[in-house]
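Read off the chains here:
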Amino acid sequence: MTDDCDSRRSRPMRAAEPEEPEPDQRLSLEIVTESGDWPDEGALAALARQIAGTVAQAITLPHHACEATLALSSDSNVQRLNRQYREQDKPTNVLSFPAASHHVGPEGDNPGETTLMYLGDIIVARETLAREAEELGRPFTSHFAHLTTHGLLHLLGFDHETDGDAECMERL
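It should be emphasised that the depicted structure is a prediction, and the values quoted were computed from it without experimental measurement.

1. Observations regarding the overall build of the protein
Stage number 1. Within the protein, the regular secondary structure consists of 6 helices and 5 strands.
Stage number 2. Sequence-ordered secondary structure for the protein, helices as α and strands as β, is α-β-α-β-α-β-β-β-α-α-α.
Stage number 3. Taking all 172 residues of the protein together, the buried fraction comes to 42%.
Stage number 4. Across the protein, the fraction of contacts at a sequence separation of at least 24, relative to all contacts at a separation of at least 6, is 72%.
Stage number 5. Looking at the protein as shown, the accessible area adds up to about 9,100 Å², and 46% of this sits on carbon and sulfur atoms.

2. With respect to the confidence of the model for the protein
Parts of the model with low pLDDT should not have their predicted coordinates read in detail.
Stage number 1. Residues of the protein with pLDDT of at least 70 account for 69%, and the chain-wide mean is 78.
Stage number 2. Helix 4 (residues 126-136) holds the highest mean pLDDT among the elements of the protein, 97, whereas strand 4 (residues 103-104) holds the lowest, 51.
Stage number 3. Residue range residues 1-24 is modelled with pLDDT below 50. Its contacts to residues more than four positions away, or to other chains, number 46 contacts.

3. Remarks on the pattern of salt bridges
Stage number 1. A complete count under the given rule lists 3 salt bridges for this structure.
Stage number 2. Note that arginine 131 and aspartate 75 form a salt bridge whose closest N and O atoms lie 3.9 Å from each other. Remark: aspartate 75 occurs in helix 3 (residues 75-86) and arginine 131 occurs in helix 4; sequence separation between them is 56 residues.
Stage number 3. Note on arginine 131: relative accessible area 40%, which makes it partly exposed.
Stage number 4. Of the charged contacts, one joins aspartate 89 and arginine 83 as a salt bridge, the two residues approaching to 2.7 Å between their closest N and O atoms.
Stage number 5. Under the relative-accessibility criterion, arginine 83 is labelled partly exposed at 40%.

4. Remarks on the packing of aromatic side chains
Stage number 1. Taken as a whole and judged by the stated rule, the model has 3 aromatic pairs.
Stage number 2. Ring centres of tryptophan 38 and phenylalanine 144 lie 6.3 Å apart, and the angle between their planes is 70°; on these two criteria the pair is classed as edge-to-face. Here the residue tryptophan 38 occupies a position in the loop between strand 1 (27-33) and helix 2 (41-58), and phenylalanine 144 occupies one in helix 5 (residues 140-155), the gap between them amounting to 106 residues. Phenylalanine 144 matches tryptophan 38 in its accessibility class, with the two residues each being buried.
Stage number 3. A connected cluster of aromatic rings, assembled from ring pairs, spans Trp38, Phe140 and Phe144.

Reading the values: the criteria
- Residues numbered from 1 in each chain as written.
- Predicted model: local features only at pLDDT ≥ 70, side-chain atom pairs only at ≥ 80, totals over all residues.
- Heavy atoms only, no water.
- Helix = DSSP H or I, 4+ residues; strand = E, 2+ residues; numbered from the N terminus.
- Buried < 20%, exposed > 50% of the residue type's maximum accessible area, 1.4 Å probe, protein only.
- Contact = heavy atoms within 4.5 Å.
- Areas by Shrake-Rupley, 256 points an atom, 1.4 Å probe, with all protein chains shown as cover.
- pLDDT = per-residue confidence, 0-100.
- Salt bridge = Lys/Arg side-chain N within 4 Å of Asp/Glu carboxyl O.
- Phe/Tyr/Trp six-rings, centres within 6.5 Å; stacked < 30°, edge-to-face > 60°.

Below is the structure:
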């Protein structure tokens, strides 16, 4: 899908390769539990992978196969990272750390083999997620889905520095 949101990305995106894998395989997630008392991690991992497939269908990916890590974490870990990298000494719901664009896997010597572009890491704080979900009157899994989507979009170059950018992210 190409729309006015494509022009709002902080880095250029290119069209997918002609022979691309199925959409749910174009954007894969590795899910790790860092800390926190996470409910039904298997169901959350399945939901996160479904979200990745939906995102891969909705936007133009920067490479034919992309990968990211989603870390299920705690307020204390996220607060430490937020203080270290954003100079904000408080927990937040989700942090995204885009990787410098690089490929993982065979280079041009093996054109038949798939290479991956590693997008970066998303870290979600369970306690903040749960508190916000309750305040918003949303189920935990719905807010988890929203934050996972938000983090993936940041890794793909979207931001919400302006009202227009924020509206674009919300539409996706």
